[in-house]
Amino acid sequence: MQFRSDQISGKQLSALGFGCMRFPNRGGRIDVDASERLVLAAVEGGVNYFDTAYAYSGNEIALGEIFARNPGLRDRINIATKLPLPRCQSADDFDRYLTRSLKRLGTDHVDYYLVHNVTSADVWARLKELGFKKWASRQKSAGRIGRIGFSYHGPEGDFPILLDSYSWDFCQIQYNYMNEHYQAGTAGLEAAAERGVPVIVMEPLLGGKLAADLPDDAKAVLEGAGTEADPVRLALRWIWNRPEVTLVLSGMNTMDQLEQNITTADGALPGTLEADEARAVELAREAIARNYKVPCTGCGYCLPCPQGVNIPMCFAAYNTSFAHGWYQGMHQYVTASGVMEGNARFASDCVRCGACVEKCPQHIDIPDELASVKRRLQVPGLPRIVRLGTRLMMR
Ligand code: SF4
Ligand code: SF4
């Protein structure tokens, strides 16, 4: 296994991290026996970082059960779990959820603790008001938390603001060859590295869309690119090629996936992507992008919208719905709406004020294209359902 340094703590982390969210399922429930086999094989293969979250149903409990069955296992690895931010109304809630996570995991400390799904700089303002800074340093002093970080799903422009808002020990971003200019993107990866903040990468395969679900023309391009690299290996090697990446999380739920990823991680040192591999990625990216309908680069120059519409995220979801299927686009559309902040805004909230149009370097007719987004992704009643769901979740 290749190890990379968490440059703040000095810990050596396996370049491949285990995303427990996709533990194997049986009958709608986590298959703990199958998950245990995977976890043990991963540890045997050198993986020492396991990522879960309070909000992943049954996930922390399953991991805790695996630890209970295997004495000594917990101390051989790093656990990362996450604070369910939308449910927190006070510092007491921070305490309550951390305590529950520790109990579920059967441990007295979490090595890496993340504020889950930060989507804008405003979220940080709310956290600060709730007394997060004091609370976090108390937990670190008490040894209940090792390192404090955040997982990010907001616009590119807010990411450096977040990085500079607190002395974060690490951050977690969505990053893959299709998301260089989406959310934190390459600019965010480099901004974190400049500040010496370790970067954990999530969604390296865009929820599997860069693996088995590649569009046919992208598959054909890869087959004809003269490289023997398969899509998963290529996508992962492209990320590990960046020295700024500390580790890549993969949600592996079969032994074959695990073994292949361990082998890939081992040889994927920074700067070792071959020229033919880089070319194959470029061709695959172009083929996927040909399925995109709006030429939005995600630069964010059009923001802020006075109505709170997350314009680039709406277009990213819309494009995804053509390149990778309607369901994936829809899922992205709801996530991008700001649902986790309790203030969901949709393409339908555009009032055509025109404030964004002049700012777009791609000359996109933003209000018209948002209307297309609405027609394709906004099923009747969606805003009402999402807002109701958010209210229930925040109780
Ligand atoms: S035209 Fe629509 S999207 Fe653009 S700034 Fe105005 S309300 Fe926002
Ligand atoms: S300014 Fe244009 S290209 Fe940039 S994010 Fe907004 S819509 Fe996309």
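Bear in mind the structure is a predicted one, so any value in this text is a computation, not a measurement.

Within the chain, the secondary structure is distributed over 16 helices and twelve strands. Taken over the C-alpha trace, the chain has a radius of gyration of 21 Å; the compact-globule value for 395 residues is 21 Å, and the two agree within 12%. Its C-alpha atoms give the chain principal-axis dimensions of about 60 × 55 × 45 Å. Considering the chain, the positive charge centre built from 43 side chains and the negative charge centre built from 45 side chains are found 8 Å apart.

Looking now at the site of ligand 1. Close contacts around ligand 1 come from 13 residues, with C305, C350, C353, G354 and C356 the closest. Split into classes, the residues belonging to the shell around ligand 1 amount to ten nonpolar, two polar and one charged.

Our focus in this paragraph is the packing of aromatic side chains. Overall, the coordinates contain 23 aromatic pairs when judged by the stated rule. Aromatic pair F150 and W168: ring centres 4.7 Å apart, planes at 50°, arrangement tilted. Pair noted here: F150 is in strand β9 (residues 145–152) and W168 is in the loop between α7 (158–163) and β10 (170–174), with a separation of 18 residues, a long-range link. With relative accessibility at 4%, the residue W168 sits in the buried group. Joined through ring pairs, the aromatic side chains of F94, Y113, W124, F132, W135, F150, Y152, F159, Y166 and W168 make up one cluster. Above the face of the Y54 ring, R104 is positioned so that its terminal group lies 3.9 Å from the ring centre. Directly above the ring of F322 sits K293, whose terminal nitrogen or CZ lies 4.9 Å from the centroid.

Taken together, the side chains of W326, Y327 and V379 present a nonpolar region at the surface, about 320 Å² in accessible area. Note on placement: V379 falls in the loop between α15 (366–377) and α16 (382–393).

What follows concerns the pattern of salt bridges. Per the stated rule, a full pass over the model turns up 22 salt bridges. The partner of R74 in a salt bridge is D111, and the shortest N-O contact between them spans 2.8 Å. In this pair, R74 is assigned in helix α3 (residues 73–76) and D111 in strand β8 (residues 110–118), connecting sequence segments 37 residues apart. The exposure class of R74 is buried, given its relative accessible area of 9%. A salt bridge links R147 to D169; the shortest N-O distance between them is 3.3 Å. With R147 in strand β9 and D169 in the loop between α7 and β10, this residue pair connects regions lying 22 residues apart in the sequence.

Take the nonpolar core next. Residues F18, F50, F132, F150, F159 and Y177 are the most contacted members of the largest nonpolar core, which totals 89 residues. In terms of residues, this core owes the most to one element, helix α10 (residues 231–240), which gives seven residues. Other than its neighbours up to four places away in sequence, F50 contacts F18, C20, V39, A42, V43, I77, N78, I79 and A80. Counting 23 residues, the second largest nonpolar core, distinct from the first, contains V294, Y318, A347 and V386.

Moving on, we get to the pairing of β8. A large share of β8 lies buried, amounting to nine of its nine residues. Summarising the sheet, strand β7 (residues 78–83) and β8 pair through four bridges and their orientation is parallel. Its bridge partner being in β8, T81 is matched across the sheet by Y113. At this point the chain moves from β7, through helix α4 (residues 91–105), to the parallel β8, and the crossover so formed is right-handed. As judged from the six bridges shared by β8 and β9, these two strands associate in the parallel manner. Paired with V118 across the bridge in β9 is Y152.

With 95% of its residues at a pLDDT of 70 or more, the chain shows a mean pLDDT of 89. At the level of individual helices and strands, the chain shows its lowest average pLDDT in α16, which scores 71, and its highest in strand β2 (residues 12–14), which scores 98.

At a closest axis distance of 7 Å, the pairing of helix α2 (residues 59–69) and α4 adopts a crossing angle of 40°. The orientation of α2 relative to α4 falls into the category oblique. Across from E60, I61, L63, G64 and F67 in α2, the residues of α4 making contact are S101, R104 and L105.

Turning next to the domain arrangement of the chain. By domain assignment, the chain separates into domain 1 (3–283) and domain 2 (311–393). Of the residues lining the interface, 15 residues belong to domain 1; the matching set on domain 2 comes to nine residues. Surface buried jointly by domain 1 and domain 2 totals about 1200 Å² across both partners, of which 63% is contributed by carbon and sulfur atoms. When the area that domain 1 buries against domain 2 is broken down by residue, the three leading residues are P86, Y182 and K209, summing to 41%. The interface formed by domain 1 and domain 2 contains zero salt bridges. The tally of links from domain 1 across to domain 2 stands at one residue pair in polar contact (both at pLDDT 80 or more).

Here we take up the environment of V199. Residue placement: V199 occurs in strand β11 (residues 199–202). Distance in space between the C-alpha atoms of V199 and C171 is 5.2 Å, their sequence separation being 28 residues. Setting aside chain neighbours within four positions, we find V199 in contact with C171, I173, L189, A192, E244, V245, T246 and L247.

Time to look at the side chain of E244. Along the chain, E244 falls in the loop between α10 and β12 (245–250). A polar atom in the side chain of E244 sits 2.9 Å from the side chain of R242. Beyond its immediate stretch of four places on either side in the chain, E244 contacts L189, E190, A193 and V199.

Criteria and thresholds
Residues numbered from 1 in each chain as written. Chains lettered and ligands numbered in written order. Predicted model: local features only at pLDDT ≥ 70, side-chain atom pairs only at ≥ 80, totals over all residues. Heavy atoms only, no water. Helix = DSSP H or I, 4+ residues; strand = E, 2+ residues; numbered from the N terminus. Rg over C-alpha atoms; globule rule 2.2 N^0.38 Å. Lys, Arg positive; Asp, Glu negative; His and termini not counted. Charge placed at Lys NZ, Arg CZ, Asp CG, Glu CD. Near = heavy atom within 4 Å. Nonpolar A, V, L, I, M, F, W, Y, C, P; charged D, E, K, R; others polar. Phe/Tyr/Trp six-rings, centres within 6.5 Å; stacked < 30°, edge-to-face > 60°. Buried < 20%, exposed > 50% of the residue type's maximum accessible area, 1.4 Å probe, protein only. Lys NZ or Arg CZ within 6 Å of the ring centre and 35° of its normal. Patch = residues over 30% accessible without salt bridge, like charges linked within 9 Å, V, L, I, M, F, W, Y side chains within 5 Å. Areas by Shrake-Rupley, 256 points an atom, 1.4 Å probe, with all protein chains shown as cover. Salt bridge = Lys/Arg side-chain N within 4 Å of Asp/Glu carboxyl O. Core = buried A, V, L, I, M, F, W, Y, C linked by side-chain atoms within 4.5 Å. Contact = heavy atoms within 4.5 Å. Pairing = 2+ DSSP bridges. Right-handed = clockwise from strand over helix to strand, strands pointing away. pLDDT = per-residue confidence, 0-100. Axes fitted to C-alpha atoms, helices over the stretch in contact; angles between N-to-C directions. Parallel < 35°, antiparallel > 145°, perpendicular 65-115°, else oblique. Domains from an automatic or database assignment. Buried area = accessible area lost by both parts, 1.4 Å probe. Polar contact = N/O pair within 3.5 Å; in protein donor to acceptor, adjacent residues only side chain to side chain.

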